[in-house]
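Residues per chain are reported as follows:
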Amino acid sequence: MQYIKKDLGAYKAHIIKTKKFKTITLQVNFRRKIEKEDITIRNLLRNMLTESSKNYKTKKALTIKAQDLYAADISISNSRLGNYINTDLYLEVLNDKYTEKGNFYKSLDFCFDVLFNPDVTDNKFNKEKLDIQKSLYKTSLEKQKEDSQIYSVQRMFEEMDSKSPSSYRMLGYISDIDKVNEKNLYKYYKSMLEQDLVDIFIIGDIDEEEFIEYLKTNFKIKTFKKQKAPYRIEEVKPKQKKNIVKETINSKQSNLAIGCRLYNLDDYERNYVLSLYNVILGGYTDSLLFKDVREKNSLCYTIGSVPNKLDNVLLIRAGIDKENYKKTIELIEKDMNAMKKGKFTENDLKVAKEFYETALDTTLESPSRVIYNYFMMDLLNTDDLETKRKKMNKVVKEEIIKVAKKVKIDTIFLLEGDDNEKDIS
């Protein structure tokens, strides 16, 4: 793969040239420092942009046009990366050699029509369509508590630190829906185009000079911006006494979410040692937590851990019966303490490295994952994939023990089911 980066002033273009894929994949990233009140309006904006445009008045018209372009796939998603809220516009289309000459740029025209030419009249979105989207959105938010796994994690982060962006509900807030109208939604849309940091990533077999010239003519972002805050959330010291919160839900299963603070990690520890620590602790189906809590003691339905390096947090999740709560916590703490004392084998480390190698190989098979890797390289100055392989393979057991001592439980949240089953298989 050949990586080419062009600074075009108001935005940067990142071109990843490869003949590995039959498709060409584009990602346009808009991001700004997150504010809680931005989440709901940004989700509604995503819904409105993908529902219709000025030239394609209905979802059906958009779908027909996409099919005419050999099933070009356009989508928009919102996410949070540390202190920033991100909106990603995606386009995936077959390379012209598998369709017809010019189809790629016709697909780009269509994609940018969705972005830059929304269904707006007199500086207002279509009210009737917005009212429909608001109603659908409200219904989806009312149902979110039904997903007890997601809800328990949300509540844990709120209890951990309600002021931190890590506690924000990226699905949005019902209380903010009625604050959005067709006029202020358009105002927010314009502010996104004019004020957000913007990057364009593209991967596939393309002519980079031709693509850059196309962007200069057709990508209507002209304002220069500067990064206003670091991406990584500021490190917070763990609480001296664990914060334990319980909430009851009408469910057969209880959900346990444990937030652990990561503190005093350097970049090498955060990017490499922590990843291997997590794999050994709870990152796959042969981890310490899985073997001890699920297989040996049959205390949970599911269990696992995942680090969020931008939030300086490691999350442990488990689906349990409520009567197994105390014993589950005891075993989780036992395994975490065991890692601090080096009570894991060199083979555990070897298997963790093999797991990581497989993850890197998987990245190379996915255009979107390759883009994400280059995105992180640009945002956070992380290493390329081959450098990651080399550094990961040099990690030794003593470094993992050192990191294990920098992971501490801060908040335990139990979403307690009141109609539990007894059999765990």
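See the structure above.
So, here's what we can say about the structure.

Calculation rules
- Residues numbered from 1 in each chain as written.
- Predicted model: local features only at pLDDT ≥ 70, side-chain atom pairs only at ≥ 80, totals over all residues.
- Heavy atoms only, no water.
- Helix = DSSP H or I, 4+ residues; strand = E, 2+ residues; numbered from the N terminus.
- Rg over C-alpha atoms; globule rule 2.2 N^0.38 Å.
- Buried < 20%, exposed > 50% of the residue type's maximum accessible area, 1.4 Å probe, protein only.
- Contact = heavy atoms within 4.5 Å.
- Salt bridge = Lys/Arg side-chain N within 4 Å of Asp/Glu carboxyl O.
- Patch = residues over 30% accessible without salt bridge, like charges linked within 9 Å, V, L, I, M, F, W, Y side chains within 5 Å.
- Areas by Shrake-Rupley, 256 points an atom, 1.4 Å probe, with all protein chains shown as cover.
- Lys, Arg positive; Asp, Glu negative; His and termini not counted.
- Charge placed at Lys NZ, Arg CZ, Asp CG, Glu CD.
- Axes fitted to C-alpha atoms, helices over the stretch in contact; angles between N-to-C directions.
- Parallel < 35°, antiparallel > 145°, perpendicular 65-115°, else oblique.
- Nonpolar A, V, L, I, M, F, W, Y, C, P; charged D, E, K, R; others polar.
- Arc of directions from axis to C-beta.
- Pairing = 2+ DSSP bridges.
- Disulfide = S-S within 2.5 Å.

## Notes on the overall build of the protein
Here comes step 1: Counting secondary structure elements, the protein contains 15 helices and 13 strands.
Here comes step 2: Its C-alpha atoms give the protein a radius of gyration of 23 Å, near enough to 22 Å, the size a compact globule of 425 residues would have.
Here comes step 3: Overall, the protein is about 60 × 50 × 40 Å in size when its C-alpha atoms are taken along their principal axes.
Here comes step 4: Per-residue burial for the protein yields a buried fraction of 55% across its 425 residues.
Here comes step 5: Across the protein, the fraction of contacts at a sequence separation of at least 24, relative to all contacts at a separation of at least 6, is 81%.

## Quick look at the pattern of salt bridges
As a working rule, side chains carrying opposite charge can pair if their charged atoms are close by.
Here comes step 1: Evaluated as defined, the whole model comprises 32 salt bridges.
Here comes step 2: For D378, the salt bridge is made with K5, and the minimal N-O distance between the two is 2.5 Å. Placement of the pair is D378 in helix α13 (residues 367-380) and K5 in strand β1 (residues 2-7), with a sequence separation of 373 residues.
Here comes step 3: One salt bridge connects K57 with D119, and the closest N-O pair in it is separated by 3.3 Å. Placement of the pair is K57 in the loop between α1 (38-49) and α2 (59-68) and D119 in the loop between α3 (103-116) and β6 (120-121), with a sequence separation of 62 residues.
Here comes step 4: Residue classification places K57 among the partly exposed positions, given a relative accessible area of 40%.

## A short note on a positive patch on the surface
Here comes step 1: A cluster of basic residues, K327, K334, K341 and K343, forms a positive patch on the protein surface.
Here comes step 2: Here K327 is to be found in helix α11 (residues 325-340).

## Quick word on the packing of helix α9 (residues 267-283) against helix α12 (residues 346-364)
Here comes step 1: At a closest axis distance of 9 Å, the pairing of α9 and α12 adopts a crossing angle of 105°. The angle between α9 and α12 falls in the class roughly perpendicular. In this structure, α9 uses S275, L276, V279, I280 and G283 to contact α12, whose residues at the interface are D348, L349, A352, K353, F355 and Y356.
Here comes step 2: When its residues are assigned to classes, the contact of α9 with α12 shows seven nonpolar, two polar and two charged.

## A short note on helix α15 (residues 397-404)
Side chains three or four residues apart in an α-helix point the same way, a direct result of the helix having 3.6 residues per turn.
Here comes step 1: All buried positions along α15 are accounted for by K397, I400, I401, V403 and A404. Across the axial projection of α15, the buried residues extend over an arc of 165°, all falling on one side.
Here comes step 2: Contact partners of the buried residues in α15: α9, α11, α12 and β13 (407-417).

## Some words on the sheet that holds β1
Here comes step 1: On the basis of which strands lie adjacent, the open sheet formed by six strands has the order β1-β2-β8-β3-β5-β4 and mixed pairing. A strand with exactly one partner marks an edge of an open sheet, and here the two such strands are β1 and β4 (73-81). Looking at each pair of strands side by side, their axes are set apart by 15° on average, direction ignored.
Here comes step 2: Of the pairings in the sheet, the one linking β4 to strand β5 (residues 84-94) comprises nine bridges and is antiparallel in character. Directly across from I76, in β5, lies its bridge partner L89.
Here comes step 3: Of the strands in this sheet, β1, β2 (12-17), β3 (23-33) and β8 (197-204) are in contact with helix α8 (residues 208-218), which crosses β2 at around 155°.

## Topic: the environment of Y189
Here comes step 1: Turning to its location among the elements, Y189 is positioned in helix α7 (residues 182-195).
Here comes step 2: Sequence-wise, Y189 and F125 are 64 residues apart; in three dimensions their C-alpha atoms are separated by 9.9 Å.
Here comes step 3: Not counting the four nearest positions on each side in its chain, Y189 is found in contact with L45, L49, L115, F116, N117, P118 and F125.

## Considerations on unusual backbone geometry
Here comes step 1: The phi torsion at D122 lies on the positive side, around 55°, for a residue other than glycine.
Here comes step 2: Within the element layout of this structure, D122 appears in the loop between β6 and β7 (124-125).
Here comes step 3: A relative accessible area of 65% places D122 in the exposed class.
Here comes step 4: In this structure, N381 is a non-glycine residue whose phi angle is positive, near 60°.
Here comes step 5: By the element assignment, N381 lies in the loop between α13 and α14 (385-393).
Here comes step 6: On the basis of relative accessibility, which here comes to 67%, the residue N381 falls in the exposed class.

## What about the state of the cysteines?
Here comes step 1: Across all of its chains, the model carries zero disulfides by this definition.
Here comes step 2: In this structure C300 is not part of a disulfide, and its nearest cysteine sulfur, from C260, lies 16 Å away.
Here comes step 3: Overall, the relative accessible area of 0% leaves C300 in the buried class.

## Let's talk about the environment of Y356
Here comes step 1: Assignment of secondary structure puts Y356 in helix α12.
Here comes step 2: C-alpha separation for the pair Y356 and K322, spaced 34 residues apart in sequence, amounts to 34 Å.
Here comes step 3: Ignoring any residue separated from it by four or fewer positions in sequence, one finds Y356 in contact with S275, L276, K388 and M392.

## Focus: the sheet that holds β13
Here comes step 1: Strand order in the open sheet formed by five strands is β9-β13-β10-β12-β11, and the pairing between neighbours is mixed. With one partner strand each, in any of the chains shown, β9 (243-249) and β11 (300-308) form the two edges of the open sheet. Each adjacent strand pair in this sheet contributes to an overall mean axis angle of 15°, direction not counted.
Here comes step 2: Inspection of the sheet shows strand β10 (residues 254-262) paired to β13 by eight bridges, in the antiparallel sense. Directly across from A257, in β13, lies its bridge partner F413.

## A few points about the side chain of K134
Here comes step 1: Note on placement: K134 falls in helix α4 (residues 127-142).
Here comes step 2: Nearest to the buried, unbridged K134 among oppositely charged side chains is D178, at 4.4 Å.
Here comes step 3: In this structure K134 touches L44, I177, D178 and V180, once residues within four positions along its chain are discounted.

None of this, on its own, says anything about what the molecule does.
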